[in-house]
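Notes for the structure review
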Amino acid sequence: MGVAEQMAARAASQRAEELLTPLMSDDDSSSEGDDSTSTFEAAKQTPLQKLKTVAVYVLLGGGIAASAASFVVSPSTLVFIAGGIAIVNAPYSAFKEMKMSKIPTLRSMN
């Protein structure tokens, strides 16, 4: 039983070494002239994607305006909390939309 355990331990350690080795090396000698990873090209948005981005910004602005209007029309604690969350969340949502519009993979999924 001791030999079987040693063989299993050796096989497990070899498997662990295979998993721990990096998939890509850091040296430049391994590249074969493929510069696709070295430069990032920002692709232009299609008109439909531009329309979607503008619609997101308009809706975020409308949410801020609706929150501000609700403060005046119905001043209650719950309205102030909900409106405050909407107002604080709008700049972050606009920032994330801007970031998503610059990454081609995310833009194509959206």
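For clarity, every value in this text was computed on a predicted model and none was experimentally measured. (Residues numbered from 1 in each chain as written. Predicted model: local features only at pLDDT ≥ 70, side-chain atom pairs only at ≥ 80, totals over all residues. Heavy atoms only, no water.)

1. Topic: the overall build of the protein
Looking only at helices and strands, the protein features four helices and zero strands. Expressed as a percentage of its 110 residues, the buried residues of the protein come to 7%. Accessible surface computed for the protein: about 9,100 Å², of which carbon and sulfur atoms make up 67%. (Helix = DSSP H or I, 4+ residues; strand = E, 2+ residues; numbered from the N terminus. Buried < 20%, exposed > 50% of the residue type's maximum accessible area, 1.4 Å probe, protein only. Areas by Shrake-Rupley, 256 points an atom, 1.4 Å probe, with all protein chains shown as cover.)

2. So, the confidence of the model for the protein
Any residue range with low pLDDT should be treated as having predicted coordinates unsuitable for detailed reading. Looking at the protein, the pLDDT average stands at 79 and 73% of residues meet or exceed 70. When mean pLDDT is taken per element in the protein, helix 2 (residues 47-73) scores highest with 91 and helix 4 (residues 104-109) scores lowest with 66. (pLDDT = per-residue confidence, 0-100.)

3. Some points on the pattern of salt bridges
The full count for this structure, using the stated rule, is one salt bridge. K52 is paired through a salt bridge with E97; the nearest N and O atoms lie 2.9 Å apart. One end of the pair, K52, is in helix 2; the other, E97, is in helix 3 (residues 77-102), with 45 residues separating them in the sequence. Residue E97 is classed as buried on the basis of its relative accessible area of 6%. (Salt bridge = Lys/Arg side-chain N within 4 Å of Asp/Glu carboxyl O.)

4. Regarding the packing of aromatic side chains
Any two aromatic rings considered together are summarised by their centre-to-centre distance and by the angle between their planes. One pass over the full model with this rule turns up one aromatic pair. For the pair F71 and F80, a centre-to-centre distance of 5.0 Å together with 35° between the ring planes defines the contact as tilted. Given a relative accessible area of 22%, F71 falls into the partly exposed group. (Phe/Tyr/Trp six-rings, centres within 6.5 Å; stacked < 30°, edge-to-face > 60°.)

5. Observations concerning the packing of helix 2 against helix 3
Closest axis-to-axis distance for the helix 2/helix 3 pair is 9 Å, and the angle between their directions is 165°. Looking at the two axes, helix 2 sits roughly antiparallel to helix 3. Taken as a pair, helix 2 and helix 3 cross one another with a handedness that is left-handed. On the side of helix 2, the interface is formed by K52, T53, V56, Y57, L60, I64, S67, S70 and F71, while helix 3 contributes V79, F80, G83, G84, A86, I87, A90, S93, A94, E97, M98 and S101. Class assignment for the residues of the contact of helix 2 with helix 3 results in twelve nonpolar, seven polar and two charged. (Axes fitted to C-alpha atoms, helices over the stretch in contact; angles between N-to-C directions. Parallel < 35°, antiparallel > 145°, perpendicular 65-115°, else oblique. Left-handed = near helix turned anticlockwise from the far one by under 90°. Contact = heavy atoms within 4.5 Å. Nonpolar A, V, L, I, M, F, W, Y, C, P; charged D, E, K, R; others polar.)

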